[in-house]
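What follows is the residue order along each chain.
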Amino acid sequence: QVQLVESGGGLVQPGGSLRPSCAASGSIFSINAMGWYRQAPGKQRELVAAITSGGSTNYADSVKGRFTISRDNAKNTVYLQMNSLKPEDTAVYYCNAEIATMILLVDYWGQGTQVTVSS
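All of these numbers come straight from a predicted model, not from anything done at the bench.

A.B. asks: Before we go on, may I ask you to explain the overall build of the protein in this structure?
C.D. replies: What the protein contains, in helices and strands, is zero helices and eleven strands. Listing each helix as α and each strand as β along the protein from the N terminus yields β-β-β-β-β-β-β-β-β-β-β. Residues classed as buried in the protein amount to 39% of the 119 residues present. Long-range pairs, those at least 24 residues apart, make up 55% of the contacts in the protein with a sequence separation of at least 6. The distance from the centre of the 9 positive side-chain charges to the centre of the 8 negative ones in the protein is 4 Å.

What follows is the structure in structure tokens.
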């Protein structure tokens, strides 16, 4: 069984920073791409940032220059450094990872962590 466990969300004032993390555990053979998505109330889930196993990254236009995604392959963990946060960044943030077990390649999702940007 594979699990993604997120932590590090919370309430922050505009202009502040947060650094959520997401750790994968279980019967993992390898992890391909990892990413962060977010879903605000009444909106569809959208990609925020993604990173390949080799370290290539891509970002949503709305977060470029403010957010940085990184990963520690030894710890099976992905991070999202969020700086200069804006109220429109408020959403539930979900971790995603494409994980290979011995027999399957599956997309896994974390449970979500709430990020609220408000004064």
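A.B. asks: I keep staring at the pairing of strand 8 (residues 77-82) and nothing clicks. Help me out?
C.D. replies: Along a regular strand, successive side chains alternate from one face of the sheet to the other. The buried fraction of strand 8 is high, at five of six residues. Where strand 7 (residues 67-72) lies against strand 8, six bridges are found, and the strand directions are antiparallel. Its bridge partner being in strand 8, threonine 68 is matched across the sheet by glutamine 81. As consecutive antiparallel partners, strand 7 and strand 8 are separated by four residues, and within that stretch asparagine 76 has a phi angle of approximately 55 degrees, a positive value.

A.B. asks: Help me understand the sheet that holds strand 1 (residues 2-7), please; the structure alone is not making it clear to me.
C.D. replies: Read across the sheet, four strands follow the order 1-3-8-7 without closing on themselves; strand pairing throughout is antiparallel. Sheet topology places strand 1 and strand 7 at the edges, where each strand pairs with a single neighbour. Each strand of the sheet is rotated relative to its neighbour by a mean of 15 degrees, with strand direction disregarded. As defined by bridge partners, strand 1 adjoins strand 3 (residues 21-26) across six bridges and the pair is classed as antiparallel. When the bridges of strand 3 are listed, serine 7 appears paired with serine 21.

A.B. asks: I'm lost on unusual backbone geometry in this one. Help?
C.D. replies: The phi angle of most residues is negative, glycine excepted, and most peptide bonds adopt the trans form. The phi angle at asparagine 76 is positive, at roughly 55 degrees, despite the residue not being glycine. Structurally, asparagine 76 is set in the loop between strand 7 and strand 8. The phi dihedral of serine 84 is positive, around 50 degrees, even though this residue is not glycine. With respect to the helices, strands and loops of the structure, serine 84 is situated in the loop between strand 8 and strand 9 (91-100). Serine 84 gets classed as partly exposed once you look at its relative accessible area, which sits at 42%.

A.B. asks: Looking at this structure, how should I read the pattern of salt bridges?
C.D. replies: Pairing between side chains of opposite charge can happen when the charged atoms of each approach one another. According to the stated counting rule, one finds four salt bridges in the structure shown. In this structure, the salt-bridge partner of lysine 64 is aspartate 61, at a minimum N-O distance of 3.1 Å. When its relative accessible area of 65% is taken as the criterion, aspartate 61 is described as exposed. Look at the salt bridges and you will find they share partners, linking Arg38, Glu46, Arg66 and Asp89 into a network.

A.B. asks: So what exactly am I meant to see when it comes to the state of the cysteines here?
C.D. replies: Two cysteines joined by a covalent bond between their sulfur atoms form a disulfide. Applying the stated criterion to the full structure yields one disulfide. Through a disulfide, cysteine 22 is tied to cysteine 95; the S-S separation comes to 2.1 Å. The chirality of the disulfide connecting cysteine 22 with cysteine 95 is left-handed, given an S-S dihedral of about -80 degrees. Highlighted residues: cysteine 22 in strand 3 and cysteine 95 in strand 9, separated in sequence by 73 residues. Side by side, cysteine 22 and cysteine 95 carry an identical accessibility label, which is buried.

Conventions and cut-offs
Counting starts from 1 at the beginning of each chain's written sequence and moves along it residue by residue. In view of the model being predicted, local features appear only for residues whose pLDDT reaches at least 70, and side-chain atom pairs are presented and counted only at 80 or more, with totals across whole chains, interfaces and linings using the full set of residues. Excluding hydrogens and water, the side-chain values take into account all heavy atoms of the structure. Elements are defined by DSSP. Helices are runs of H or I of four residues or more, strands are runs of E of two residues or more, and each kind is numbered from the N terminus. Only protein chains enter the accessibility calculation, which uses a 1.4 Å probe. A residue is then buried if its area is under 20% of the maximum for its type, exposed if over 50%, and partly exposed in between. Contacts between residues were defined by any pair of non-hydrogen atoms, one from each residue, lying within 4.5 Å. The convention is simple: Lys and Arg are positive, Asp and Glu are negative, and His and the chain ends are not counted. The atom standing in for a charge is NZ when the residue is Lys, CZ when it is Arg, CG when it is Asp and CD when it is Glu. Two strands pair if DSSP finds at least two bridges between them. The angle between two axes is taken between their N-to-C directions and runs from 0 to 180 degrees, where each axis is a line fitted to C-alpha atoms and a helix contributes only its stretch in contact. Just to be clear on terms, a salt bridge is a Lys or Arg side-chain nitrogen sitting within 4 Å of an Asp or Glu carboxyl oxygen. We call a pair of cysteine sulfur atoms a disulfide when they lie within 2.5 Å.

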